[in-house]
Amino acid sequence: MSSVLETIMLICFGFSWPLNVIKAVKARSAKNMSLPFIMLIITGYIAGITAKLMSHQISYVLAAYFLNLAIVLVNLGVYFRNRRLDLEGERGHIGIGAAVAESE
């Protein structure tokens with residue numbers, strides 16, 4: 001029964017991560033994303049996977065851990081993409097302002 005409950009927990013988390021990824025992709029900004037939070041979640045999933053492997057509890061629950069980890073890793077990639085877009089946007093605004101100041 002504990003494996004079933006653990007799987008339900010992982011499925012609930014698993015459904016939230018793709019929604020978070022979609023939201024972040026559409027936002028095109030890392031301003032509402034937290035790198036420490038994402039890294040903490042990744043660390044937690046790696047710890048859960050390691051615990052399952054060390055205790056030889058290889059089951060369908062392990063697949064849920066790996067799936068969730070993969071989705072959070074995609075979220076990490078989106079964070080860095082959005083961070084790059086934020087930086088490019090800031091440079092673009094600075095460049096435009098500097099060009100306007102020079103022309104005046």
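These lines cover the structure that appears in this document, whether it is placed above or below.

1. Some points on the overall build of the chain
Scanning the chain for helices and strands turns up three helices and zero strands. Starting at the N terminus and walking to the C terminus, you meet the elements of the chain as α-α-α. Residue burial in the chain is summarised as follows: out of 104 residues, 31% are buried. For the chain, the proportion of contacts with a sequence separation of at least 24, taken over those separated by at least 6, is 81%. In the form shown here, the chain has an accessible surface area of approximately 7000 Å², with 71% of it arising from carbon and sulfur atoms.

2. Quick notes on the pattern of salt bridges
According to the stated counting rule, one finds two salt bridges in the structure shown. The partner of glutamate 6 in a salt bridge is lysine 52, and the shortest N-O contact between them spans 2.8 Å. One end of the pair, glutamate 6, is in helix H1 (residues 2-27); the other, lysine 52, is in helix H2 (residues 35-54), and 46 residues separate them in sequence. Neither residue differs from the other here; glutamate 6 and lysine 52 are each classed as buried. The partner of glutamate 88 in a salt bridge is arginine 84, with the nearest N and O atoms 3.1 Å apart. Taken together, the residues span about one helical turn, with glutamate 88 and arginine 84 both in helix H3 (residues 60-103) at a distance of four residues.

Definitions and limits used
- Residues numbered from 1 in each chain as written.
- Predicted model: local features only at pLDDT ≥ 70, side-chain atom pairs only at ≥ 80, totals over all residues.
- Heavy atoms only, no water.
- Helix = DSSP H or I, 4+ residues; strand = E, 2+ residues; numbered from the N terminus.
- Buried < 20%, exposed > 50% of the residue type's maximum accessible area, 1.4 Å probe, protein only.
- Contact = heavy atoms within 4.5 Å.
- Areas by Shrake-Rupley, 256 points an atom, 1.4 Å probe, with all protein chains shown as cover.
- Salt bridge = Lys/Arg side-chain N within 4 Å of Asp/Glu carboxyl O.

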